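Listed here are the chains, written in short residue letters.
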Amino acid sequence: MSNPLTFAVPKGRILDEALPLMARAGVVPEAGFHDKGNRALSFACEGSDMRVIRVRAFDVATFVAHGAAQVGIVGSDVVEEFAYPDLYAPVDLAIGHCRLSVAEPEGQAGAPLSSHLRVASKYPNLTRRHFERMGVQAEVVKLNGAMELAPGLGLASRIVDLVSTGRTLKDNGLVETSTILDVSARLIVNRAALKTDARVGALVEAFRALAAPAEAA
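Residues numbered from 1 in each chain as written. Predicted model: local features only at pLDDT ≥ 70, side-chain atom pairs only at ≥ 80, totals over all residues. Heavy atoms only, no water.

For the protein chain, an unreviewed UniProt entry supplies the name ATP phosphoribosyltransferase and the organism Novosphingobium ginsenosidimutans. One UniProt comment on the protein chain, placed under Catalytic activity (unreviewed entry), says "1-(5-phospho-beta-D-ribosyl)-ATP + diphosphate = 5-phospho-alpha-D-ribose 1-diphosphate + ATP". Quoted verbatim from the Subcellular location (unreviewed entry) field of the UniProt record, the comment on the protein chain reads "Cytoplasm". (UniProt positions renumbered as here; feature names shortened; annotations may be inferred.)

Structure, rendered in structure tokens:
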């Protein structure tokens, strides 16, 4: 009997949009998965030899890249930030749209860039690469939340964070000044598992067929 296939999904904004796609591809977590009070992290799937693990978005990429999970769904921001060589993102699911952007206090927007900036972000690699292309050395202060507080408290002159409507930035006196990356959710797989486990290839094809109509629209 083969080992269960492990499918990693992120907590938060992408998951609600991903669940209908997952169901149509045959990945249906057991009933307890939808119980808001359930603190379990691993769930069996109905009618299959799969299990779903629910973890933080950055951890989805780590579990899949290291083979602890064979398949997952995560934003392209996470894929690009880590750039794991053992991670393959074959399908753009066309959900979870947002953007990774630079923002700064409204009164400072448009001021010339200095050769060195302090930037608050949970995306140190993407942030450094973005500013390097502009000839600027970025010192990245790693934060996992409350990013919008950093400029007002003197921690950093700018932030790099995910933006959807821009309302949170506006409410905190910040304006979006440039976009680093347009983001959408991707199906990701472990490269070795794709080569050795036919179930992984079958899932890739199932999700590819589901995503194709959205891409064509």
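(A) Structural view of the overall build of the protein chain. From N to C terminus, the protein chain includes eight helices and eleven strands. By its C-alpha atoms, the protein chain is 60 × 35 × 35 Å across when sized along the principal axes. Looking at the protein chain as a whole, 44% of its 217 residues qualify as buried. Summarising the internal contacts of the protein chain: among those between residues at least 6 apart in sequence, 67% fall at separations of at least 24. With the model as given, the accessible surface of the protein chain reaches about 11,000 Å², and the carbon-plus-sulfur share is 52%. Charged side chains in the protein chain number 23 positive and 24 negative. The centres of these two groups are separated by 2 Å. (Helix = DSSP H or I, 4+ residues; strand = E, 2+ residues; numbered from the N terminus. Buried < 20%, exposed > 50% of the residue type's maximum accessible area, 1.4 Å probe, protein only. Contact = heavy atoms within 4.5 Å. Areas by Shrake-Rupley, 256 points an atom, 1.4 Å probe, with all protein chains shown as cover. Lys, Arg positive; Asp, Glu negative; His and termini not counted. Charge placed at Lys NZ, Arg CZ, Asp CG, Glu CD.)

(B) Representation of helix α2 (residues 57–65) within the structure. For α2, the set of buried residues is Phe58, Val60, Ala61, Val64 and Ala65. For α2, the buried positions fall inside an angular range of 155° around the axis, keeping them on one side. Gly67 sits one or two positions beyond α2 and adopts a positive phi of about 80°. (Arc of directions from axis to C-beta.)

(C) Inspection of the sheet that holds strand β3 (residues 50–55) at higher detail. Across the sheet, which stays open at both edges, the six strands sit in the order β2-β3-β1-β4-β11-β5 with mixed pairing between neighbours. In this open sheet, the two edge strands, each paired with only one partner strand, are β2 (42–44) and β5 (87–92). In this sheet, neighbouring strand axes are inclined to one another by 30° on average, regardless of whether the strands run parallel or antiparallel. (Pairing = 2+ DSSP bridges. Axes fitted to C-alpha atoms, helices over the stretch in contact; angles between N-to-C directions.)

(D) Structural context of the domain arrangement of the protein chain. Considered domain by domain, the protein chain is made up of domain 1 (5–96 + 184–211) and domain 2 (98–182). Taking only C-alpha atoms into account, the centre of domain 1 sits 29 Å from that of domain 2. In this complex, domain 1 contributes eight residues to the contact, which on the side of domain 2 involves ten residues. Of the roughly 780 Å² buried where domain 1 meets domain 2, counting both sides, 51% is carbon and sulfur surface. For the domain 1 face of the interface with domain 2, the top three residues by lost area are Phe58, Asp77 and Glu81, together amounting to 61%. (Domains from an automatic or database assignment. Buried area = accessible area lost by both parts, 1.4 Å probe.)

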